[in-house]
Amino acid sequence: MSLQAILYTPSTTRPTLQILDQLKLPHESVYVPIHTCEDAYDAIKRMVVRGAPAIAIVAALALAVELSSASSYGETAEAARKYVHERLDYLMQSRPTAVNLADAAGKLKVVVDAEAEDESAEMVVGRYVRAAEKMLGDDVKDNENIGRFGAEWILGNAKVGEEGRVAVLTHCNTGSLATAGYGTALGIIRSLHSGSNLTHAYCTETRPYNQGSRLTAYELVHDKIPATLITDSMASSLMNLKSVAAVIVGADRVAANGDTANKIGTYQLAIVAKYHGVKFVVAAPTASIDMKTASGKDIVIEHRSGKEVTHVETVVTAARGINVYNPSFDVTPKDLIDAIVTEKGVVVKNAGGDFDLSRLFWGVQR
Ligand SMILES: CSC[C@H]1O[C@H](OP(=O)(O)O)[C@H](O)[C@@H]1O
């Protein structure tokens, strides 16, 4: 059975939403109910659920559940539209760096704003719920495409070993626990593995939240994919001594020029990969690409509590009184990125060294 971060039961009357408490993994697999937007906001903020696509989908579905269980959205279609806008704006404040939530909110606002003659509040709500539910299934399909396109690109462009197989390194968690299923960067690893083209997957611990040791390692073991856990500080030695063909990472926000914000530690992996001639691949749905943000210097980087660094669960692991620097993300400049893999295909830099990401959105209302 595949791992699922999100359990959603659509129903004509009262849908239900539960999320896997990722703070308890890998020790316990516990699902917690989400009834309101406040529940979702708190779960996203505390990283009970995390991962750019998963954050967006949980927020969208939480509002669907809330709308279906209360008539607090007003008596008229206009009141319902206003309520949906306000709740989405509230949810968007939960974490600033990943763009997927803002992207989903924008799309859902367009859906409810599509006015129809004499429609009721309930008709607006119904349109919202159907659009939010569609995001769940679309994300899995997108990730399967990312997996296929990414595996094909790596096998066609990286240093492939004997029998057409590769070893790769990934950072943070970008699998079924960060999405609606299958995953982005981890989706490429799943596709390489299912095509018998993977010799080994290395995953970094990804301090301080340990998405790698607690979540990615959990997924790789669950799927019986040959894998080895390393600490973040081992990555350069690994690329120096082992035949790593590609580093594959996710994205929280890809700027219009291709600069990419991702989990802290990504930037240094890109530098080491460049030094060792290892391909550096960003895997992300187009919902993670923000054409309104020109470059990486314009991306807001979330800073989190120093306790994430000084504590492992309740155990203090640092000298009391020390200051802590804890940016949750860093920005990898486009020059260090070899390919951006999306559900619509792979984008590489042109002869001028630039990514032209706009073509991914031709004919799409943004
Ligand atoms: C496909 S998940 C994308 C992205 O989100 C993760 O951040 P967080 O665990 O803080 O939500 C990580 O940066 C992943 O690469």
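On a predicted model such as this, the values are computed, not experimentally measured, just so you know.

Trainee: Which residues make up the overall build of the protein chain, and what values go with them?
Mentor: For the protein chain, the count of helices and strands is 10 helices and 16 strands. At 20 Å, the protein chain has a C-alpha radius of gyration in line with the 21 Å of a compact globule built from 366 residues. Summarising its shape, the C-alpha atoms of the protein chain cover approximately 65 × 50 × 40 Å along the three principal directions. Within the protein chain, the proportion of its 366 residues that are buried is 54%. For the protein chain, the accessible area works out to roughly 15800 Å², and carbon and sulfur atoms hold 54% of it. Charged side chains in the protein chain number 37 positive and 42 negative. The centres of these two groups are separated by 5 Å.

Trainee: How would you summarise the site of the ligand if you had to cite specific residues and measurements?
Mentor: What surrounds the ligand is a group of 18 residues, the closest being Gly51, Arg95, Asp252, Asn262 and Lys263. At 2.8 Å from an oxygen atom of the ligand is found a side-chain nitrogen or oxygen belonging to arginine 95. Taking glutamine 211, its side chain carries an N or O atom lying 2.9 Å from an oxygen atom of the ligand. The protein chains hide 100% of the 400 Å² of surface that the ligand would expose on its own. Of all the elements in the fold, those that place two or more residues in the shell around the ligand are helix H2 (52-69) and strand E9 (260-263). In the shell around the ligand, the residues fall into 7 nonpolar, 7 polar and 4 charged.

Trainee: Describe in detail the pattern of salt bridges, supporting the description with residues and values.
Mentor: Applying the stated rule across the entire model yields 22 salt bridges. Put simply, aspartate 138 and lysine 141 hold a salt bridge, and the shortest N to O gap is 3.5 Å. Of the two residues, aspartate 138 and lysine 141 are both situated in helix H5 (residues 121-157); the distance of 3 residues between them amounts to about one turn of the helix. Owing to a relative accessible area of 24%, aspartate 138 belongs among the partly exposed residues under this scheme. Across the pair lysine 297 and aspartate 298 runs a salt bridge whose closest N-O atoms are separated by 3.6 Å. On the accessibility criterion, lysine 297 (72% relative accessible area) is exposed. For aspartate 298, a relative accessible area of 40% gives the class partly exposed.

Trainee: Lay out the domain arrangement of the protein chain in plain terms, naming residues and giving numbers.
Mentor: The domain architecture assigned to the protein chain consists of domain 1 (6-139) and domain 2 (148-360). Inter-centroid distance (C-alpha atoms) of domain 1 to domain 2 is 27 Å. At the interface, 27 residues of domain 1 touch 31 residues of domain 2. When domain 1 packs against domain 2, close to 2200 Å² is buried across both sides, 51% of that on carbon and sulfur atoms. Contact with domain 2 buries surface across domain 1, with Arg50, Thr97 and Val99 losing the most and accounting together for 28% of the total.

Trainee: How would you explain the packing of helix H1 (residues 37-45) against helix H3 (residues 77-92) if you had to name every residue and give the values?
Mentor: Contact geometry of H1 with H3 gives a least axis separation of 9 Å together with a crossing angle of 15 degrees. Classified by the interaxial angle, the pair formed by H1 and H3 is roughly parallel. When the axes of H1 and H3 are compared, the crossing they make is right-handed. On H3, the residues that touch Cys37, Glu38, Ala40 and Tyr41 of H1 are Arg87, Tyr90 and Leu91. Class assignment for the residues of the contact of H1 with H3 results in 5 nonpolar, no polar and 2 charged.

Trainee: I'd like a rundown of the packing of helix H4 (residues 100-113) against H5, residues and numbers included.
Mentor: Axes are the key here: two packed helices are described by the angle between their axes and the distance separating the axes. Packing of H4 against H5 leaves a shortest axis separation of 9 Å and a crossing angle of 145 degrees. The handedness of the crossing between H4 and H5 comes out as right-handed. Where H4 abuts H5, its residues Ala104, Lys107, Leu108, Val111 and Val112 lie against Val124, Arg127, Tyr128, Ala131, Ala132 and Met135. Counted by class, the contact of H4 with H5 contains 9 nonpolar, no polar and 2 charged residues.

Trainee: Mind laying out the confidence of the model for the protein chain, listing which residues take part and the relevant values?
Mentor: When pLDDT is averaged along the protein chain, the result is 96, and 98% of the positions lie at 70 or above. Here the predicted complex scores 0.97 on pTM and 0.98 on ipTM.

Trainee: Just give me the short version of the pairing of strand E4 (residues 166-170), but keep the residues and values in it.
Mentor: Judged by how many residues are buried, E4 sits mostly within the fold: 5 of 5 residues are covered. Both E4 and strand E5 (residues 198-204) contribute to a ladder of 5 bridges, which runs parallel. Of the residues in E5, the one forming a bridge with valine 168 is alanine 201. With 4 bridges joining them, E4 and strand E7 (residues 244-249) adopt parallel strand pairing. Bridge pairing in E7 places leucine 169 opposite valine 247.

Trainee: Residue-level account of the packing of aromatic side chains, with values.
Mentor: Overall, the coordinates contain 1 aromatic pair when judged by the stated rule. Consider the rings of tyrosine 41 and tyrosine 90, whose centres lie 4.8 Å apart with planes at 15 degrees: the pair is stacked. Of the two residues, tyrosine 41 is situated in helix H1 and tyrosine 90 in helix H3; the sequence distance between them amounts to 49 residues. Looking at arginine 148, its charged tip hangs above the ring of phenylalanine 149, at a distance of 4.7 Å from the centre. Residue placement shows lysine 263 over the ring face of phenylalanine 329; its charged tip is 4.0 Å from the ring centre.

Conventions we followed
Residues numbered from 1 in each chain as written. Predicted model: local features only at pLDDT ≥ 70, side-chain atom pairs only at ≥ 80, totals over all residues. Heavy atoms only, no water. Helix = DSSP H or I, 4+ residues; strand = E, 2+ residues; numbered from the N terminus. Rg over C-alpha atoms; globule rule 2.2 N^0.38 Å. Buried < 20%, exposed > 50% of the residue type's maximum accessible area, 1.4 Å probe, protein only. Areas by Shrake-Rupley, 256 points an atom, 1.4 Å probe, with all protein chains shown as cover. Lys, Arg positive; Asp, Glu negative; His and termini not counted. Charge placed at Lys NZ, Arg CZ, Asp CG, Glu CD. Near = heavy atom within 4 Å. Polar contact = N/O pair within 3.5 Å; in protein donor to acceptor, adjacent residues only side chain to side chain. Nonpolar A, V, L, I, M, F, W, Y, C, P; charged D, E, K, R; others polar. Salt bridge = Lys/Arg side-chain N within 4 Å of Asp/Glu carboxyl O. Domains from an automatic or database assignment. Contact = heavy atoms within 4.5 Å. Buried area = accessible area lost by both parts, 1.4 Å probe. Axes fitted to C-alpha atoms, helices over the stretch in contact; angles between N-to-C directions. Parallel < 35°, antiparallel > 145°, perpendicular 65-115°, else oblique. Left-handed = near helix turned anticlockwise from the far one by under 90°. pLDDT = per-residue confidence, 0-100. Pairing = 2+ DSSP bridges. Phe/Tyr/Trp six-rings, centres within 6.5 Å; stacked < 30°, edge-to-face > 60°. Lys NZ or Arg CZ within 6 Å of the ring centre and 35° of its normal.

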